[in-house]
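Working through the structure, step by step
Each chain, letter by letter, is given below.
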Amino acid sequence: MAEHPAYPVGLRLAGRRVVVLGGGQVAQRRLPALVAAGADIRLVSPEATPSVEAMADAGEITWEQRPYAEGDLADAWYALIATSDTAANDAASAEGERHRVWCVRSDDADRATAWTPATGHSEGVTVAVLTTEARHRDPRHTAAIRDAVVEGLRDGTLVAPHRRTRTPGVALVGGGPGDPDLITVRGRRLLAEADVVIADRLGPRDLLAELPPHVEVIDAAKIPYGRFMAQEAINNALIEHAKQGKAVVRLKGGDPFVFGRGMEEAQALAEAGIACTVVPGISSTISVPGAAGIPVTHRGVAHEFTVVSGHVAPDDERSLVDWPSLAKLTGTLVILMGVDKIGKIAGTLIAHGKSPDTPVALVQEGTTAAQRRVDATLATVAEVAVAEEVRPPAVIVVGEVVAVGPHGTA
Ligand SMILES: C[S@@+](CC[C@H](N)C(=O)[O-])C[C@H]1O[C@@H](n2cnc3c(N)ncnc32)[C@H](O)[C@@H]1O
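Anyway, here's the lowdown on the structure attached to this text.

The rules behind these values
Residues numbered from 1 in each chain as written. Predicted model: local features only at pLDDT ≥ 70, side-chain atom pairs only at ≥ 80, totals over all residues. Core = buried A, V, L, I, M, F, W, Y, C linked by C-beta atoms within 7 Å. Buried ≥ 20, exposed ≤ 12 C-beta atoms within 10 Å, placed from the backbone. Helix = DSSP H or I, 4+ residues; strand = E, 2+ residues; numbered from the N terminus. Contact = placed C-beta atoms within 7 Å. Pairing = 2+ DSSP bridges. Axes fitted to C-alpha atoms, helices over the stretch in contact; angles between N-to-C directions.

Topic: the nonpolar core
Counting 36 residues, the largest nonpolar core has Ile335, Val360, Ala361, Val395, Ile396 and Val397 as the members making the most contacts within it. Counting residues per element, the ones that place at least two in this core are α9 (284-291), α10 (323-328), β14 (332-336), α11 (342-351), β15 (359-364), α12 (381-387) and β17 (394-398). In terms of residues, this core owes the most to one element, β17, which gives five residues. Residues in contact with valine 395, not counting those within four places in the same chain, are Ser284, Thr285, Val288, Pro289, Val334, Leu336, Val363 and Gly366.

Some remarks on unusual backbone geometry
The linkage connecting proline 392 with the following residue, proline 393, adopts the cis geometry, with an omega of 0°. Mapping proline 393 onto the fold places it in the loop between α12 and β17. If you check the backbone angles, arginine 100 has positive phi at about 60° while not being a glycine. Considering the arrangement of structural elements, one finds arginine 100 in the loop between α3 (86-99) and β5 (102-105). With a phi close to 60°, arginine 261 is a non-glycine residue in the positive phi region. By the element assignment, arginine 261 lies in the loop between β11 (247-252) and α8 (262-271).

What about the sheet that holds strand β8 (residues 169-174)?
Across a sheet, strands are paired by hydrogen bonds formed along the backbone, either parallel or antiparallel in direction. Overall, parallel pairing links the five strands, which are arranged β10-β9-β11-β8-β12 in an open sheet. Of all strands in the sheet, those with a lone pairing partner are β10 (216-219) and β12 (276-279), marking the two edges. Across the sheet, the axes of successive neighbouring strands diverge by a mean angle of 20°, strand direction being ignored. Pairing of β8 with β11, which is carried by six bridges, proceeds in the parallel orientation. Along β11, the bridge assignment pairs glycine 174 with lysine 252. Most of the contacts of α8 go to β12, to which it runs at about 165°, and overall it touches β8, β11 and β12.

Treat this as a map of the structure, not an account of what it does.
What follows is the structure, encoded as structure tokens:
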């Protein structure tokens, strides 16, 4: 008999009876999608894996704890036949044929009347990959094609512009600490779809080089600001480009809302009536210490970590940081923008009770090829930072966690 290709279709199963025979690994893998589709799922199986059992306990499926019996498929629209008993699977297949119920079979694809495609999701679209003919069935290959398409859409290497849904506006994208692999998939996709990118000095600069030539890349530090403040000039540039109907990405280092002035930009856009999406990013506060082998918390060592800006010295009247209180905390202190003021900061912490022997690490240009870590103590850090020529950007970590990893000095 000539072999015909399978006919692809999307089943709308909400409220419709789906029968699943067998509660093992196959059911465990397939059930979440059936639950998500809103199907009325009846599982028939003497046993079930703990995950499948949990779905029954949660009321997501109805479980009849017994083997398959003739008549089980009578009111089904669709069935997944996946018991370990071939005779039962054959009998269920025959029943499905009689009642015209499409049946997937885990043990014998040739005898199934339906095949499950390898599926993935991206931005409201389901990508389903199906082998054309039974003799070409290679589940690994179909899964690999699915992965390539979904990953490509997610990370922006495969660009399918949204003709209908893409609206002009601004996306405030947290680019992560610097390594281009550490931006979120959503951020990377928005970057790939942008007409204009306004970028900071920090963050994944390497990604800018990958953008197609028609994308206008603007260095935020170089926007002329004349009678405005620099931040105001950036806000104006965002507004102007968005008003021209362009998709604008404001690419920021780390997370937009961690010392990133992200909310000021979001407010300015709201006042101008421009749509703004905020995409969180991996903040350097945790990732940069982590990249240098320092956990910001560690069982039995630090039960808290505090992130603080060191851009103004403790004795500066503009400082909003309560350094004397920080000196009394037992956990980890993570200081951003503190390289220039570390001497005064360390002196203040010691003066208010922190041990001069507290370990300190300075991690410069974390997660990039130029990453370096310099270790000291509170007593020595000012001198060591100068001697080792530590430069911004650097994250400074103060606390016993500095010494717990394999690179620690303890
Ligand atoms: C204006 S703040 C922005 C923080 C950013 N929004 C975040 O969530 O990571 C800049 C400071 O972040 C720290 N920083 C950011 N990226 C860094 C990196 N790759 N390595 C070391 N420090 C970094 C430095 O302390 C730098 O001075």
